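Residues per chain are reported as follows:
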Amino acid sequence: MTTRSASPAAAIALNARAGRWIVAATVTASGVALLDSTVVNVALPQIGADLGGEFSTLQWVVTSYLLTLGSLVLVGGSLGDLIGKRRVFVTGLASFGAASLVCALSPTATALIFARGVQGVAAALLVPNSLAILSASFNDRDRGRAIGLWSGLAGIFTVLGPFVGGVLIQSGPHGWRWIFLINLPFLVLAYAFTRAGVAPLPGRRTAQSIRAQVDLIGATGATLGLGLVVGALIEANQLGPLWTTALVVAGSLTLVGFLAVEFHRNRTKMPEPMLDPTLFRIRSFSAANTITFVVYGALGVTFFLLPLVLQDGLGYSPVAAGAATLPVSLTLILFSARAGALVPRIGARPLLSAGPLIMAAGMLLLARLSMLTRVDTNYWRDVMPAVLVFAVGLCLVVAPVTTTVMSDVGAARSGTASGVNNAVARIAGLIAIAVLPLIAGLAGASPQASGEGSANSVFLSGYGRTMVLAAIVCAVGGLFAWLTLERSTGRATEIKEPGA
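Every value quoted in this text rests on a predicted model; they were computed, and no experiment measured them.

A few words now on the overall build of the protein chain. Assigned secondary structure in the protein chain consists of 18 helices and two strands. Residue burial in the protein chain is summarised as follows: out of 500 residues, 55% are buried. Partitioning the contacts of the protein chain with sequence separation of at least 6, the portion at a separation of at least 24 is 83%. For the protein chain, the accessible surface area stands at approximately 20,400 Å², while carbon and sulfur atoms represent 68% of it.

Printed below as a string of structure tokens:
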């Protein structure tokens with residue numbers, strides 16, 4: 001995705017009427033995407049009870065969305081640049097609404113998984129063009145303020161999402177369907193705001209076809225390769241070792257082919273590659289994205305499993321399980337900007353080294369939940385301290401790692417760099433949710449209660465092992481940051497080429 005400066009015709013002031021409509025449209029649309037990603041995890045126990053299926057079914061409900069979003073988010077940004085950001089944004093709104101309706105009406109788990117994948121495609125159109133509209137519409141003086149306002153207001157959806165979702169889920173035996181239906185009025189509002197204030201913002205399409213200008217081969221390769229690898233790992237218990245290995249190898253080779261195509265696209269520029277491989281020659285960019293992959297992978301698996309354990313293991317209601325993670329969002333909103341402000345003063349190295357280690361400590365505390373029962377658990381003693389420790393660590397990572405990603409790429413490629421980092425974060429969660437539970441022995445386990453209401457012991461012990469693995473992975477990320485980043489700045493240590 002290429003983010004361009006506002007043209008004179010589109011240099012809108014933030015306090016202008018059109019400016020307020022633009023912020024309202026992009027905040028509402030992005031907020032819905034954030035709301036959906038946070039609420040679904042809280043709904044997983046009820047979805048499993050209602051539609052049936054093993055643990056792998058719940059994995060697919062989450063990963064089908066992450067797969068298509070992570071694979072196609074860069075293509076969505078490119079399409080906006082090509083045929084018009086507003087047009088692609090509105091298409092994303094309509095598609096996300098249609099997919100949400102299908103999710104709500106899904107009669108089977110398979111139908112829900114398919115609809116979630118379509119939601120991910122729609123989000124890949126919606127999310128990057130939301131930010132691109134802001135960047136292209138406002139004047140230089142107000143652009144930064146608009147983006148900051150967008151980030152803060154969209155964060156409200158993240159904070160309230162799990163709690164509101166819990167209320168909707170608890171409304172009845174099929175209450176999970178409401179978490180998708182609630183998207184529709186917000187999407188209608190976003191469309192109305194868009195019609196009221198967002199200019200057409202035409203793209204740079206030439207007489208050539210879309211196929212000749214968009215990297216469809218790259219998009220197909222990335223989606224297929226990731227799908228084969230992740231799908232094989234999720235279904236490893238059913239496929240057996242031979243087929244699992246064969247599909248993982250096939251997916252890995254497909255991803256290698258994808259990278260080869262991207263290098264070729266970068267040389268020929270026709271069409272432009274969805275992933276600019278030359279960005280990874282920048283040491284700070286490569287190091288920060290490696291840290292992003294490790295930390296957000298651990299984050300993804302934590303927020304996938306924690307609501308399941310709280311509800312099926314410790315007897316929390318959906319409302320209580322949703323509210324249990326509110327300290328994470330509140331801590332980020334209150335202190336993330338302050339952590340980012342420390343980067344120019346002390347550099348990213350100490351923050352990105354300490355942050356993952358503190359997160360790892362929080363995950364080890366959360367792993368202790370596997371040893372508790374519904375009788376002896378207490379939120380303020382057992383859950384709240386672990387969540388707060390985890391939140392403090394995450395707060396030290398989010399803004400500094402984004403700053404480090406952008407530190408050396410230059411303004412001309414800042415949009416692409418941001419899009420790559422966003423995709424890395426999504427794909428990290430996708431892979432972690434597939435890999436870590438498999439290693440920990442959760443494949444084939446069911447989180448649903450059995451016997452006298454006690455959760456499946458196999459699931460609980462597997463949860464504990466998975467959290468320990470996630471903590472180890474996160475700690476490795478902190479060590480990697482310490483070894484690769486410079487002491488006084490966010491940039492990675494320069495390694496001279498042979499003969500330099």
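Okay, back to it.
Let us now look at the pattern of salt bridges. Tallied over the entire structure, the rule returns two salt bridges. D50 is the partner of R177 in a salt bridge, and the nearest nitrogen-oxygen pair spans 4.0 Å. On the criterion of sequence distance, the pair formed by R177 in the loop between α5 (140–169) and α6 (178–181) and D50 in helix α1 (residues 17–51) is long-range, its members being 127 residues apart. On the basis of relative accessible area, D50 is assigned to the partly exposed category, the value being 26%. Note that D382 is salt-bridged to R381, the shortest N-O span being 2.9 Å.

A few words on the confidence of the model for the protein chain. In the predicted model, the protein chain carries a mean pLDDT of 82, and 87% of its residues have values of at least 70. Every residue in residues 1–9 scores below 50 in pLDDT, and together they form 24 contacts with partners more than four places removed in sequence or on other chains. Note on residues 450–454: pLDDT under 50 across the span, and three contacts to partners over four residues away in sequence or across chains.

In this section: the side chain of T302. With respect to the helices, strands and loops of the structure, T302 is situated in helix α11 (residues 283–313). On the basis of relative accessibility, which here comes to 1%, the residue T302 falls in the buried class. In contact with T302, not counting residues within four places along its chain, are P307, M363, L366, F390 and M467.

Tracing the backbone shows L93 in helix α3 (residues 85–105). Here L93 falls in the buried class, since its relative accessible area comes to 4%. As for L93 and S30, which are separated by 63 residues in sequence, their C-alpha atoms are 9.9 Å apart. Sequence-distant contacts of L93, that is, excluding residues within four places in its chain, are made with A29, L126, L187, A190, Y191 and T194.

Let's shift gears to the packing of helix α2 (residues 55–83) against helix α9 (residues 216–234). Axis separation between α2 and α9 bottoms out at 10 Å; the angle between their running directions is 160°. Judged by the inter-axis angle, α2 sits roughly antiparallel to α9. Crossing handedness for the pair α2 and α9: right-handed. Of α9, the residues touching α2 (which contributes S56, Q59, W60, T63, L67, S71, L72 and V75) are A219, A222, T223, L226, G227, G231 and I234.

The tally for this structure, following the rule as stated, stands at six aromatic pairs. Relative to W380, the ring of Y379 has its centre 5.1 Å away and its plane inclined at 80°; by these criteria the two rings are edge-to-face. Relative accessible area serves as the criterion here: at 63%, W380 is assigned to the exposed category. The aromatic ring of W482 is capped on one face by R349, whose charged end is 3.6 Å from the ring centroid.

Here we come to the packing of helix α13 (residues 326–341) against helix α16 (residues 379–406). For the pair α13 and α16, interaxial distance at closest approach is 8 Å and the crossing angle is 30°. Taken together, α13 and α16 sit at an angle that is classed as roughly parallel. The interaxial crossing formed by α13 with α16 has right-handed handedness. Contacts from P327, V328, T331, L332, F335, S336, A339 and G340 in α13 reach Y379, M384, V387, L388, F390, A391, L394, C395, L396, V398, A399 and P400 in α16. Among the residues making up the contact of α13 with α16, the classes are represented as 17 nonpolar, three polar and no charged.

Moving on, we come to the nonpolar core. Counting residues in hydrophobic clusters, the biggest one holds 144 residues, and the most contacted among them are F304, L305, L310, M363 and L369. Dropping the residues within four chain positions of it, L305 is found in contact with F55, L442, F459, Y463 and T466.

The end-to-end C-alpha distance of α9, which contains 19 residues, comes to 26 Å, matching closely the 27 Å that a straight helix rising 1.5 Å per residue would cover. Along α9, the positions that sit buried rather than exposed are G218, A219, G221, A222, G225, L226, V229, V230, G231, A232, L233 and I234.

We now examine the environment of V387. On the secondary structure map, V387 appears in helix α16. The spatial distance from the C-alpha of V387 to the C-alpha of L326 is 8.9 Å, given a sequence separation of 61 residues. Apart from residues no more than four positions distant in its own chain, V387 is found in contact with A324, T325, P327, V328 and L366.

Turning our eyes to something else, we now look at a nonpolar patch on the surface. Side chains of L149, L153, I156, L160, F163, V164 and V167 sit close together on the surface and give an oily, nonpolar patch of about 530 Å² of accessible area. With respect to the element layout, V167 can be found in helix α5.

Further remarks concern the environment of G478. Residue position: G478 is located in helix α18 (residues 457–484). Distance from G478 to S353, taken between C-alpha atoms, is 4.0 Å for residues 125 residues apart in sequence. In this structure G478 touches L352, S353 and P356, once residues within four positions along its chain are discounted.

Time to look at the side chain of N183. Looking at where N183 falls in the secondary structure, it is placed in helix α7 (residues 183–197). Overall, the relative accessible area of 0% leaves N183 in the buried class. Of the polar contacts made by the side chain of N183, one reaches the side chain of S100; its length is 3.0 Å. The residues contacting N183, other than those within four sequence positions of it, are V32, L35, D36, F96, S100 and Q119.

Here is what the cut-offs are and how they apply
Residues numbered from 1 in each chain as written. Predicted model: local features only at pLDDT ≥ 70, side-chain atom pairs only at ≥ 80, totals over all residues. Heavy atoms only, no water. Helix = DSSP H or I, 4+ residues; strand = E, 2+ residues; numbered from the N terminus. Buried < 20%, exposed > 50% of the residue type's maximum accessible area, 1.4 Å probe, protein only. Contact = heavy atoms within 4.5 Å. Areas by Shrake-Rupley, 256 points an atom, 1.4 Å probe, with all protein chains shown as cover. Salt bridge = Lys/Arg side-chain N within 4 Å of Asp/Glu carboxyl O. pLDDT = per-residue confidence, 0-100. Axes fitted to C-alpha atoms, helices over the stretch in contact; angles between N-to-C directions. Parallel < 35°, antiparallel > 145°, perpendicular 65-115°, else oblique. Left-handed = near helix turned anticlockwise from the far one by under 90°. Phe/Tyr/Trp six-rings, centres within 6.5 Å; stacked < 30°, edge-to-face > 60°. Lys NZ or Arg CZ within 6 Å of the ring centre and 35° of its normal. Nonpolar A, V, L, I, M, F, W, Y, C, P; charged D, E, K, R; others polar. Core = buried A, V, L, I, M, F, W, Y, C linked by side-chain atoms within 4.5 Å. Expected span 1.5 Å × (residues − 1). Patch = residues over 30% accessible without salt bridge, like charges linked within 9 Å, V, L, I, M, F, W, Y side chains within 5 Å. Polar contact = N/O pair within 3.5 Å; in protein donor to acceptor, adjacent residues only side chain to side chain.

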